[in-house]
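Overview (structure and organization)
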Amino acid sequence: MNRLVLALVAALGLAVGALGMLLVQTRGETDVRAYLLEHPEVIPEAMARLQERESGKAVAQVADQVTKPFGSAWSGNPKGDVTLVEYYDYNCGYCRASLPLLKQLTDADPKLRIVYRELPILAESSRNAARMSLLAAAQGKFQAFHDALYAGGQVTDASIAAAARTAGVDTGKLAAFTPTADAEIVRNMETAGRLGLNGTPAWIVGSRVLSGALPLEELQKAIADARR
């Protein structure tokens with residue numbers, strides 16, 4: 001069980017206890033059970049609010065590790081007033097499906113910056129793709145590689161090499177660069193664990209943690225909320 005989940009469980013216990021005490025003070029002890037039975041929506045609403053609060057604290061503790069891009073692994077406005085972070089895996093079909101959505105976001109919002117973070121959890125080829133992607137980012141060629149690999153179909157050593165050629169990545173530097181790439185991947189894995197991320201795509205915007213394939217409108221709402 002990761003640290004964020006443990007924190008949520010502990011905080012939930014405190015919140016439920018506090019809710020019970022408040023109800024006792026305002027309604028009397030004998031009314032507490034009846035009130036909760038009549039209004040069961042109170043508990044999930046409290047849990048959702050508590051989870052958002054605890055996630056926000058966790059994001060604040062690792063903000064630099066989340067929002068500072070690796071090399072050129074970003075798109076949109078480099079000085080944007082809001083940063084949307086995507087944790088992704090090149091073998092993740094939902095991440096692939098999100099690619100045009102992210103372009104829609106940056107095209108429609110000139111003040112948005114998107115940061116891409118490698119989270120290769122699905123296959124060994126995911127890690128190989130992440131290493132090459134990070135090398136591309138270190139050489140200022142992330143977006144070209146990113147788009148070419150997604151356009152290349154199934155992720156294999158051959159498709160990774162083809163995407164690198166298309167993007168003009170100097171692959172001769174990969175062997176020497178691999179320890180740097182692996183260190184970045186480990187940092188991303190550790191940060192993802194602290195934030196309770198269990199799959200891809202996962203999103204960080206402002207103090208919020210979101211998971212899964214989300215519609216454009218939901219991401220736009222989260223971005224708007226972060227601006228408030």
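Let us look at the structure shown here.

Conventions used here
- Residues numbered from 1 in each chain as written.
- Predicted model: local features only at pLDDT ≥ 70, side-chain atom pairs only at ≥ 80, totals over all residues.
- Heavy atoms only, no water.
- Buried < 20%, exposed > 50% of the residue type's maximum accessible area, 1.4 Å probe, protein only.
- Helix = DSSP H or I, 4+ residues; strand = E, 2+ residues; numbered from the N terminus.
- Pairing = 2+ DSSP bridges.
- Right-handed = clockwise from strand over helix to strand, strands pointing away.
- Contact = heavy atoms within 4.5 Å.
- Salt bridge = Lys/Arg side-chain N within 4 Å of Asp/Glu carboxyl O.
- Phe/Tyr/Trp six-rings, centres within 6.5 Å; stacked < 30°, edge-to-face > 60°.
- Core = buried A, V, L, I, M, F, W, Y, C linked by side-chain atoms within 4.5 Å.
- Arc of directions from axis to C-beta.

Once that is clear, we can look at the pairing of strand β2 (residues 82–88). For β2, the buried fraction is high: seven of the seven residues fall into the buried class. Residue alternation in β2 divides its side chains into two sets, V82, L84, E86 and Y88 and T83, V85 and Y87, and both sets are buried. Here β2 pairs with strand β3 (residues 112–118) via seven bridges, running parallel. From the neighbouring strand, Y87 faces β3, where its bridge partner is R117. In this fold, β2 hands off to helix α5 (residues 93–108), which returns the chain to β3; that crossover is right-handed. The pairing of β2 with strand β4 (residues 202–205) spans four bridges and is classified as antiparallel. Counterpart to E86 in the pairing with β4 is W203.

On to unusual backbone geometry, then. For the bond running from T200 to P201, omega is -5 degrees, close enough to zero to count as cis. For P201, the location among the structural elements is in the loop between α9 (174–195) and β4.

Okay, the environment of F142 next. Locating F142 in the fold gives a position in helix α7 (residues 142–151). Between the C-alpha atoms of F142 and A167, which are 25 residues apart in sequence, the distance is 8.1 Å. Contact partners of F142, with chain neighbours within four places excluded, come to S72, A73, W74, Y88, Y90, Y116, E118, S133, A136 and A137.

In this section: the pattern of salt bridges. Summed over all chains, the structure comprises ten salt bridges. Salt-bridge contacts for D107 lead to K103; the nearest nitrogen and oxygen are separated by 2.8 Å. Of this pair, D107 and K103 are both found in helix α5, four residues apart, which corresponds to roughly one turn of the helix. With relative accessibility at 55%, the residue D107 sits in the exposed group. Residue E184 pairs with R187 through a salt bridge whose shortest N-O separation is 3.1 Å. In this pair, E184 and R187 are both assigned in helix α9, three residues apart and thus about one turn of the helix distant. Look at the salt bridges and you will find they share partners, linking R208, K221, D225 and R228 into a network.

Both the distance between ring centres and the angle between the ring planes are used here to describe each pair of aromatic rings. Tallied over the entire structure, the rule returns six aromatic pairs. When the centroid spacing of 5.0 Å and the interplanar angle of 90 degrees are considered together, the rings of Y88 and Y90 count as edge-to-face. For the pair Y88 and Y90, one class covers both residues: buried. An angle of 35 degrees between the planes, with centres 5.2 Å apart, marks the rings of Y116 and F142 as tilted.

A word on the nonpolar core. Within the largest apolar cluster, 43 residues are counted, with the highest numbers of intra-cluster contacts made by L84, Y90, L102, L105, F145 and L219. Take this core: its biggest share by element is seven residues, from helix α6 (residues 124–138). Beyond its immediate chain neighbours, meaning those up to four positions away, L105 contacts L84, L112, L216, L219, Q220 and I223. One finds V66, V85, Y87 and L119 within the second-largest nonpolar core, a separate group that totals eleven residues.

A turn of α-helix holds 3.6 residues, and therefore any two residues three or four places apart point the same way. Three or more residues of helix α10 (residues 216–226) are buried, namely L216, L219, A222 and I223. Along the long axis of α10, the arc covered by the buried residues comes to 130 degrees, so they all point the same way. Exposed residues lying more than 90 degrees from the buried face of α10 are E217 and K221. Lining the buried residues of α10 we find β2, α5, β3, β4 and β5 (208–211).

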